[in-house]
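# Coordinates in review
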Amino acid sequence: MDHRGTKRGAEKTEVAEPRNKLPRPAPSLPTDPALYSGPFPFYRRPSELGCFSLDAQRQYHGDARALRYYSPPPTNGPGPNFDLRDGYPDRYQPRDEEVQERLDHLLCWLLEHRGRLEGGPGWLAEAIVTWRGHLTKLLTTPYERQEGWQLAASRFQGTLYLSEVETPNARAQRLARPPLLRELMYMGYKFEQYMCADKPGSSPDPSGEVNTNVAFCSVLRSRLGSHPLLFSGEVDCTDPQTPSTQPPTCYVELKTSKEMHSPGQWRSFYRHKLLKWWAQSFLPGVPTVVAGFRNPEGFVSSLKTFPTMKMFDYVRNDRDGWNPSVCMNFCAAFLSFAQSTVVQDDPRLVHLFSWEPGGPVTVSVHRDAPYAFLPIWYVEAMTQDFPSPPKTPSPK
Ligand code: GDP
Ligand code: MG
């Protein structure tokens, strides 16, 4: 395995000319969109390797029990009139956001399936393992002006694992989240309940509780440029009306957004929200995003389907729009930067990549708590079937 230095040189890394006797400056990666506007890089059509579910108690199950079925209101009828505030807060069981799950559920799936991964023996040792949501943040970084991020990286048995760390800013904002924002978050989940059924062919039941511990996650394989990827993302539902299509093509992402009235409001929606929607669904190959537009009273009265592959059309001719090539080229450059920075294979060693809007991605190095994120149960199980050479008996 040659992850070290020469082959995977970081693209566009600011590295000063070698100077005698001077310490090498800490490497960093710039994020300006203008630096990444080349042709669209290779991105392998994502294929689903498997899935898992988290139940109402946030317990892992290696099956699709939490998958729901797309069940929109009849198109010939009166149209939707969903009260997204119904059930708040009395029928709301929000997930405990203090629990830092890191990559644990994905590692649980990987441990179970490591022996029969497609791609052949050695595929995993060359791959990057992470959540889809982390890759979404990388894709949108060149255009992000509000929120920074931190990604912890560890190499173990060749594989590079990436796990997000909540920034101090993000934590402070979460703990001080205004009541109206809390209710808005609920409304997004409530929309899913109005649009999804528990079984194919049945109807949604909005009388129940909204429990955000429950999740269905798809595990996908792809490749960006030279980087094999194994990542997982939460999927809202599958469309049973497209029975011949296989995952991830049958999946539908559900979103809510403010009702818009002026061309300026639509333009801003295309520039900012559609970028995030595109990045999130393009990565796993989810072809369809269905938006519910809510009025100021919190009712959804109109739906609009956005095919993922048509989203760029809305900003193609906009000077202040986004470009998918920039997003993907930056992500590829970051992955090369991370691969060439994290040289040592050690599950207790963490390279922390930090980014704040307006600046470059920087790196710091840490060992063990609080940044190490590969759990001991994972490291031990993986080490047992990856034995180090037998120890020579000590001379007596
Ligand atoms: P997304 O694309 O941001 O929704 O994230 P993913 O689909 O990659 O989700 C990966 C895992 O993280 C799933 O188990 C989600 O339920 C969970 N998750 C998603 N968003 C959040 C969040 O804001 N906070 C925490 N702690 N977990 C989240
Ligand atoms: Mg959604």
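Before reading on, note that the structure itself is shown above.
Keep in mind it's a predicted model, so treat the numbers as computed, not measured. (Residues numbered from 1 in each chain as written. Chains lettered and ligands numbered in written order. Predicted model: local features only at pLDDT ≥ 70, side-chain atom pairs only at ≥ 80, totals over all residues. Heavy atoms only, no water.)

## Observations regarding the site of ligand 1
Basically, it comes down to this: Here a residue is considered near a molecule or strand provided that any single heavy atom belonging to it is located within 4 Å of it. Identification of polar contacts relies on pairs of N or O atoms within 3.5 Å, with a donor-acceptor requirement for protein atoms, meaning one able to donate a hydrogen and the other able to accept it, and with residues adjacent in sequence counted only if both atoms are side-chain atoms. Every accessible area reported is derived by Shrake-Rupley at a probe size of 1.4 Å, with residue values counting cover from the shown protein chains alone. Starting at the N terminus, helices and strands are each numbered in turn, a helix being any DSSP run of H or I of at least four residues and a strand any DSSP run of E of at least two. The nonpolar class holds Ala, Val, Leu, Ile, Met, Phe, Trp, Tyr, Cys and Pro. Asp, Glu, Lys and Arg form the charged class, and all remaining residues, Gly among them, are polar.
Around ligand 1, the neighbouring residues are L54, R58, R95, W131, R132, G133, C217, S232, G233, E234 and Q280. In this structure, an oxygen atom belonging to ligand 1 sits 2.7 Å away from a main-chain N or O atom of G133. In the environment of ligand 1, an oxygen atom lies 2.7 Å from a nitrogen or oxygen atom belonging to the backbone of E234. Against a free-state accessible area of 550 Å², the protein chains account for coverage of 67% of ligand 1. Mapped by element, the contributors of at least two residues to the shell around ligand 1 are α2 (132-140) and β12 (227-234). It is β12 that contributes the most residues to the shell around ligand 1, three residues altogether. By residue class, the composition of the shell around ligand 1 is three nonpolar, four polar and four charged.

## As for helix α5 (residues 263-282)
As a reminder, the rule being used: The angle between axes fitted to the seven residues ending at a residue and the seven residues starting there is what we call the bend at that residue. Here's how the labels work: a residue is buried when its accessible area is under 20% of the maximum for its type, exposed when over 50%, partly exposed in between, all with a 1.4 Å probe on protein chains only.
Of all bends in α5, the biggest is about 40°, found at L274. Among all positions in α5, only F269, Y270, L274, L275, W277, W278, A279, Q280, S281 and F282 are buried.

## What to know about the state of the cysteines
This is how the line gets drawn: Cysteine sulfur atoms are paired as a disulfide whenever they come within 2.5 Å of each other.
For the structure on display, the rule yields zero disulfides. For C196, which is in no disulfide, the shortest distance to another cysteine sulfur is to C237 and amounts to 3.9 Å. Using a relative accessible area of 5% as the deciding quantity, one classes C196 as buried. C327 carries a free sulfur, and the closest cysteine sulfur to it, the one in C331, is 9.3 Å from it. On the basis of relative accessible area, C327 is assigned to the buried category, the value being 0%.

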